[in-house]
Amino acid sequence: QLQLVESGGGLVQPGGSLRLSCAAAGFTFSIYDMAWYRQVPGKERELVARITRSRGSTNYADSVKGRFTISRDNAKNTVYLQMNSLKPDDTAVYFCYAELRTKSYWGQGTQVTVSS
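All of the points below concern the structure found in this document. Each residue is numbered by its place in its chain's sequence as written, counting from 1. The predicted nature of this model means local features are confined to residues of pLDDT at least 70 and side-chain atom pairs, given and counted, to a pLDDT of 80 or more, with totals for whole chains, interfaces and linings taken over all residues. Processing note: side-chain calculations cover all non-hydrogen atoms of the structure and skip hydrogens and water entirely.

### Section: the overall build of the protein chain
Turning to step 1, where the next piece is worked out: Numbering goes from the N terminus for both helices and strands, where a helix is a DSSP run of H or I of at least four residues and a strand is a run of E of at least two. Regarding its fold elements, the protein chain presents zero helices and eleven strands.
Turning to step 2, where the next piece is worked out: Helices and strands appear in the protein chain in the N-to-C order β-β-β-β-β-β-β-β-β-β-β.
Turning to step 3, where the next piece is worked out: Atoms considered for the radius of gyration are the C-alpha atoms alone. The globule rule reads 2.2 Å times the number of residues to the power 0.38. Relative to its length of 116 residues, the protein chain is compact, with a C-alpha radius of gyration of 13 Å against a globular reference of 13 Å.
Turning to step 4, where the next piece is worked out: Dimensions of the protein chain along its principal axes, counting C-alpha atoms only, are 40 × 25 × 25 Å.
Turning to step 5, where the next piece is worked out: Long-range pairs, those at least 24 residues apart, make up 53% of the contacts in the protein chain with a sequence separation of at least 6.
Turning to step 6, where the next piece is worked out: In this description, accessible areas are obtained by the Shrake-Rupley approach with a 1.4 Å probe, and a residue is regarded as covered only by the protein chains that are shown. For the protein chain, the computed accessible surface area is about 6300 Å², with 45% contributed by carbon and sulfur atoms.
Turning to step 7, where the next piece is worked out: The protein chain carries 14 positive and 9 negative side-chain charges, and their two centres are separated by 6 Å. In what follows, residue pairs with any heavy atoms lying within 4.5 Å of each other are defined as contacts. Charge convention: Lys and Arg are scored as positive, Asp and Glu as negative, and His as well as the terminal groups of each chain are ignored. The atoms used to mark charge sites are NZ of Lys, CZ of Arg, CG of Asp and CD of Glu.

Right, dumping it as structure tokens:
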């Protein structure tokens, strides 16, 4: 059964760190480009970071450059998002996303709340 299961969200103080994980199952993870998106109520889902399947090239939203790092472990079928220097504006539901040509899959999301 195809699954993308996120974990690692929670409540953190401004300036703190969290690492999100997304475990994939039911498809050939290594050939998919992977990404993290986030969404707050009333706004569109936005791309946070993306990593390609082959060379592991990455790109980031301007708002998270220098603070967030996306990585993947194809042996573990897992993609990660290391989030440092978190700000209240980073509060959102974070979604894992897998894409290969016309196929795409979403995880169920994990809540990240940055607040003192």
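Next comes the rest of the description.
### Some points on the environment of Asp-73
Turning to step 1, where the next piece is worked out: Tracing the backbone through its elements, the reader meets Asp-73 in strand β7 (residues 68–73).
Turning to step 2, where the next piece is worked out: The class of Asp-73 is partly exposed, set by a relative accessible area of 24%.
Turning to step 3, where the next piece is worked out: Sequence separation between Asp-73 and Glu-6 is 67 residues, and the spatial gap between their C-alpha atoms is 15 Å. The rule is simple: take the accessible area with a 1.4 Å probe, protein chains only, and divide by the maximum for that residue type; under 20% is buried, over 50% is exposed, in between is partly exposed.

### With respect to the packing of aromatic side chains
Turning to step 1, where the next piece is worked out: For this analysis, a ring pair means two rings from Phe, Tyr or Trp (six-membered ring only for Trp) whose centres lie within 6.5 Å, classed as stacked if their planes differ by under 30 degrees, edge-to-face if by over 60, and tilted for the remaining angles. Inspection of the entire model under this criterion finds seven aromatic pairs.
Turning to step 2, where the next piece is worked out: Arranged with centres 5.4 Å apart and planes meeting at 40°, the rings of Phe-27 and Tyr-105 form a pair that is tilted. With Phe-27 in the loop between β3 (18–25) and β4 (33–39) and Tyr-105 in strand β10 (residues 103–106), this residue pair connects regions lying 78 residues apart in the sequence.
Turning to step 3, where the next piece is worked out: For Phe-27, a relative accessible area of 13% puts it in the buried group.
Turning to step 4, where the next piece is worked out: Residues Tyr-97 and Trp-106 carry aromatic rings whose centres are separated by 4.5 Å and whose planes lie at 45° to one another, so their mutual orientation is tilted.
Turning to step 5, where the next piece is worked out: The rings of Tyr-37, Phe-95, Tyr-97 and Trp-106 are connected pair by pair, giving a single aromatic cluster.

### A word on the sheet that holds strand β8 (residues 78–83)
Turning to step 1, where the next piece is worked out: Taken together, the four strands give an open sheet; going across it, the order is β1-β3-β8-β7, and neighbouring strands pair in antiparallel fashion. Strand pairing shows two members of the sheet lacking a second neighbour, β1 (3–7) and β7, which therefore form its edges. Direction aside, neighbouring strands of the sheet carry axes that sit 15° apart on average.
Turning to step 2, where the next piece is worked out: Judged from the five bridges that link them, β1 and β3 form a sheet pairing that is antiparallel. Looking across to β3, one finds that Leu-4 is bridged to Ala-24. DSSP calls a pair of strands paired once it identifies at least 2 bridges connecting them. For every element, the axis is a line fit to its C-alpha atoms; helices are fit only across the contacting stretch, and the angle between N-to-C directions ranges from 0 to 180 degrees.

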